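Chain by chain, the residues:
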Amino acid sequence: MDPIINPFSPGAGAPPPELAGRKEVLEQTRILFGRVKNNRSEKSILLTGLRGVGKTVLLNEMERIALADEYRTILVEVPENKSLGVLLVPHLRRLLYELDRLAGAGNKVRRGLAVLKSFIGTIKVKVDEIEFGLDIDPEMGTADSGDLEIDLPSLFVAVAEAAIERGSYVAIFIDEIQYLNKKELSALIVAMHKMQQRQLPLVLLGAGLPILPGLAGESKSYAERLFNFPDIGALSEPEAIEALQDPVKEYGVAFEESALLEIFRLTQGYPYFLQEWGYQAWNRAESSPIDLAIVQNASEAVIRRLDENFFRVRFNRLTSGEKQFLRAMAQLGSGPYRTSDTADIMKIKISSLGPNRANLIKKGMVYSPSHGNMAFTVPLFDEFMRRTMPEFEVNG
Ligand SMILES: Nc1ncnc2c1ncn2[C@@H]1O[C@H](COP(=O)(O)OP(=O)(O)OP(=O)(O)O)[C@@H](O)[C@H]1O
Ligand SMILES: [Mg+2]
């Protein structure tokens, strides 16, 4: 069928034709925005989930809800190597200027800009990385201590108070939040603590890998009382069927039930894989309905595409020791894996796994779902490891 009108959208952050199975978390989001607007305190939301489950598209949807609810928004993605301050400053500046243009008396917006200017003075970066252009004197003694855990909360307070003065609300969206360093994550948590204590209208919505709740809890033990950590996972069978069937319906096309069940079996309901299979099946089908034979026929191409792209980009960033480690895990099935079992199968001591394990966590390949356990952050990665390294050799 015509690839030009193919409704499926496999890709990073590509909005799906049907955002299936996320009603509950979206409802939670609406409640958060509504409560904060009404001066009620409510936990901020940090979405956690594996690669390709739809965290980014959900965050984008949440931003749309915030905008419709008259919030001013900031949306950033944390790269692996850039400081939180540098990331936020241009957006906060834009936001304060927006507030400045709104009608309203008082000097809190000017103060917000002055505090931002102080804060900028503490960020040790080349001047040209941030366009200053703030025609205002810094407010000495606020947000300029050089300690992010003190300065970021002061800055957030100043921004939130400026928003109140103009009858506005602020929602900050941060994707890939697990890439923040410890200090930055702590500062963000302290800042949100302050927002909650003072019931200021600034909310945080983040998304990251499942290591996030652990990282947050390690930084500040009260993090669990400040944030909800909704678990964004694979779709259930009816949700996966909806994600496939609904988008094609408007073209007068349908999947046969056996085709849907086969896609569900192969994808285990993981959203990114659903989009890939839907996309390829559509392109291969001559006409409606899309049947089991077409899905089976598409599967080989889909798996090849996944192996060459989605899985391969991650695999290529690994050292040979790390590959061995992951291959050993894959030998044990789909996980989670006990670290001791992985060591056993490699015939090495658990302590010698330490460095590789730490690097794999840092690279975002594995995480620890519970003490002594490990799991892949990429769904179906165990199958890929067995395909790409068919021979498993024990060291030594
Ligand atoms: N609820 C959903 N229903 C159907 N498809 C979805 C859903 N959520 C996401 N997708 C699809 O899944 C793919 C991955 O989405 P997205 O990039 O948001 O995932 P992610 O969790 O941010 O992944 P990563 O951790 O790699 O950044 C996209 O192709 C998107 O269209
Ligand atoms: Mg993402």
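Residues numbered from 1 in each chain as written. Chains lettered and ligands numbered in written order. Predicted model: local features only at pLDDT ≥ 70, side-chain atom pairs only at ≥ 80, totals over all residues. Heavy atoms only, no water.

1. Examining the packing of aromatic side chains
For step 1, the next point in the chain: Counting across every chain of the model gives 17 aromatic pairs.
For step 2, the next point in the chain: Ring geometry for Phe8 against Phe255: centres 6.3 Å apart, planes inclined by 65°, an arrangement best described as edge-to-face. Taken as a pair, Phe8 in the segment before helix H1 (23–37) and Phe255 in the loop between helix H9 (237–249) and helix H10 (257–267) lie far apart in primary sequence, 247 residues in all.
For step 3, the next point in the chain: The class of Phe8 is buried, set by a relative accessible area of 4%.
For step 4, the next point in the chain: Summarising the aromatic geometry, the rings of Phe376 and Phe381 are spaced 5.4 Å apart at their centres and angled 50° between planes, so their arrangement reads as tilted.
For step 5, the next point in the chain: Among the residues examined, Phe376 registers a relative accessible area of 7% and is labelled buried.
For step 6, the next point in the chain: On the basis of relative accessibility, which here comes to 1%, the residue Phe381 falls in the buried class.
For step 7, the next point in the chain: It is Arg314 that lies over the ring of Phe310; its NZ or CZ is 4.8 Å from the centre. (Phe/Tyr/Trp six-rings, centres within 6.5 Å; stacked < 30°, edge-to-face > 60°. Helix = DSSP H or I, 4+ residues; strand = E, 2+ residues; numbered from the N terminus. Buried < 20%, exposed > 50% of the residue type's maximum accessible area, 1.4 Å probe, protein only. Lys NZ or Arg CZ within 6 Å of the ring centre and 35° of its normal.)

2. Overview of the site of ligand 1
For step 1, the next point in the chain: Ligand 1 sits among 27 residues. The nearest are Ser9, Gly13, Ala14, Lys55 and Thr56.
For step 2, the next point in the chain: With respect to ligand 1, the backbone of Ser9 contributes an N or O atom lying 2.7 Å from an oxygen atom.
For step 3, the next point in the chain: Between a nitrogen atom of ligand 1 and a side-chain N or O atom of Gln275, the distance comes to 2.9 Å.
For step 4, the next point in the chain: Its free accessible area being 640 Å², ligand 1 has 96% of it covered by the protein chains.
For step 5, the next point in the chain: Of all the elements in the fold, those that place two or more residues in the shell around ligand 1 are helix H2 (55–68) and helix H11 (271–284). (Near = heavy atom within 4 Å. Polar contact = N/O pair within 3.5 Å; in protein donor to acceptor, adjacent residues only side chain to side chain. Areas by Shrake-Rupley, 256 points an atom, 1.4 Å probe, with all protein chains shown as cover.)

3. As for unusual backbone geometry
For step 1, the next point in the chain: Of the consecutive residues Ser288 and Pro289, the connecting peptide bond is found in the cis state with omega at -5°.
For step 2, the next point in the chain: Examined against the element boundaries, Pro289 turns out to sit in the loop between H11 and helix H12 (292–315).
For step 3, the next point in the chain: Even without being glycine, Gln268 reaches a positive phi, approximately 55°.
For step 4, the next point in the chain: As for its position among the elements, Gln268 is in the loop between H10 and H11.
For step 5, the next point in the chain: For Leu380, which is not a glycine, the phi torsion comes out positive at approximately 60°.

4. A word on the packing of helix H3 (residues 84–101) against helix H5 (residues 148–165)
For step 1, the next point in the chain: Closest axis-to-axis distance for the H3/H5 pair is 11 Å, and the angle between their directions is 20°. Classified by the angle between their axes, H3 and H5 sit roughly parallel to one another. Read as a crossing pair, H3 and H5 show a hand that is left-handed. For the pair H3 and H5, the contacting residues are Leu84, Leu88, Leu92, Leu95, Leu96 and Leu99 in the first and Leu152, Leu155, Phe156, Val159, Ala162 and Ala163 in the second.
For step 2, the next point in the chain: Partitioned by chemical class, the residues of the contact of H3 with H5 number 12 nonpolar, no polar and no charged. (Axes fitted to C-alpha atoms, helices over the stretch in contact; angles between N-to-C directions. Parallel < 35°, antiparallel > 145°, perpendicular 65-115°, else oblique. Left-handed = near helix turned anticlockwise from the far one by under 90°. Contact = heavy atoms within 4.5 Å. Nonpolar A, V, L, I, M, F, W, Y, C, P; charged D, E, K, R; others polar.)

5. Some points on the nonpolar core
For step 1, the next point in the chain: The biggest cluster of nonpolar side chains holds 77 residues, and the ones touching the most others in it are Phe33, Leu205, Phe255 and Leu326.
For step 2, the next point in the chain: In terms of residue count, the dominant contributor to this core is H12 (7 residues).
For step 3, the next point in the chain: Judged by nonpolar contacts, the second largest core, of 56 residues, contains Leu84, Val86, Leu99 and Leu155. (Core = buried A, V, L, I, M, F, W, Y, C linked by side-chain atoms within 4.5 Å.)

6. Topic: a nonpolar patch on the surface
For step 1, the next point in the chain: On the surface, Ile4, Ile5 and Tyr251 cluster together into a nonpolar patch covering about 320 Å² of accessible area.
For step 2, the next point in the chain: Here Ile4 lies in the segment before H1.
For step 3, the next point in the chain: When its relative accessible area of 76% is taken as the criterion, Ile4 is described as exposed. (Patch = residues over 30% accessible without salt bridge, like charges linked within 9 Å, V, L, I, M, F, W, Y side chains within 5 Å. Salt bridge = Lys/Arg side-chain N within 4 Å of Asp/Glu carboxyl O.)

7. Overview of the side chain of Asp175
For step 1, the next point in the chain: Summarising the element assignment, Asp175 is placed in strand E3 (residues 169–175).
For step 2, the next point in the chain: In this structure Asp175 is buried but unpaired, with Lys55 as the nearest side chain of opposite charge at 6.5 Å.
For step 3, the next point in the chain: Engagement of the side chain of Asp175 in a polar contact is seen with the side chain of Thr56, the distance being 2.6 Å.
For step 4, the next point in the chain: Leaving out residues up to four positions away in the same chain, Asp175 has contacts with Thr56, Leu59, Val76, Glu77, Val78 and Ala207. (Lys, Arg positive; Asp, Glu negative; His and termini not counted.)

Taken by themselves, the reported measurements are silent on function.
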